[in-house]
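An overview of the molecular structure
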Amino acid sequence: MKISHDWLRAFVPHALTPQAVGELLSDHTVTLDGIAPLRADLVPFVVARVIASEKIPETKLSFNKVDDGSGTLLEVVCGAPNVTVGALYPFARTGTVMPAGLTIEKRKIRGFTSNGMLCSARELGLGDDHEGIFALSVDVPPGTPLLGAMPIGDTQLDLDVLPNRPDLLSHRGVARELSAL
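If you're wondering where the values come from, they're calculated on a predicted model, not measured in any experiment.

**Brief notes about the nonpolar core**
- Formed by 15 residues in total, the largest nonpolar core has its most connected members in Phe 45, Val 47, Ala 92, Met 98, Cys 119 and Leu 146.
- Those elements that provide at least two residues to this core are β6 (88–92) and α4 (146–149).
- Excluding residues that lie within four positions of it along the chain, Met 98 makes contacts with Phe 45, Ala 92, Ile 104, Met 117, Cys 119 and Glu 123.
- Counting residues in each nonpolar core, the second largest holds 14 residues, with Val 66, Ala 80, Ala 87 and Phe 91 among its members.

**Concerning the side chain of Asp 68**
- Note that Asp 68 resides in the loop between β4 (62–67) and β5 (73–78).
- On the basis of relative accessibility, which here comes to 2%, the residue Asp 68 falls in the buried class.
- One polar contact links Asp 68 to Ser 70, side chain to side chain, over a distance of 2.6 Å.
- At 2.7 Å, the side chain of Asp 68 and the side chain of Arg 93 are in polar contact.

Here is what the cut-offs are and how they apply
Residues numbered from 1 in each chain as written. Predicted model: local features only at pLDDT ≥ 70, side-chain atom pairs only at ≥ 80, totals over all residues. Heavy atoms only, no water. Core = buried A, V, L, I, M, F, W, Y, C linked by side-chain atoms within 4.5 Å. Buried < 20%, exposed > 50% of the residue type's maximum accessible area, 1.4 Å probe, protein only. Helix = DSSP H or I, 4+ residues; strand = E, 2+ residues; numbered from the N terminus. Contact = heavy atoms within 4.5 Å. Polar contact = N/O pair within 3.5 Å; in protein donor to acceptor, adjacent residues only side chain to side chain.

Structure follows, in structure tokens:
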């Protein structure tokens, strides 16, 4: 039975890590076959704030100064029309591997150096929207991991439920058992 840690937390509020929940259930109730983080491909992405933006003449591109929390403003070229100074966006630093497999590299574009990428929802695998970069409506400082700023990364617990415990074949049943421990 595959169980979502976030769903368990919704049924039984707790501050335990997925590993601790798995160990607790395994010690008292059911065998834990494995723990797998979901959307681990988004771990290297951070939240970044656009500090300055100017259009590159005769193109649809903009040249931006981006605060990624590293202490140094990065220069980033972006082709999205919705870049707004002061807004927060998902950011892929140089060296980040995108969910589709592309590695972000430092590049020279139209005479400007780009040190990373502001990302759209489609580039992150979070939707089909590719008309602009994904504006975040969160209140976190630049450099915050994207998975920490948005509830999009869960952990899956794989439980080996025996035939004598059909009550553990649902999130509610596992939550009830967890709350009794």
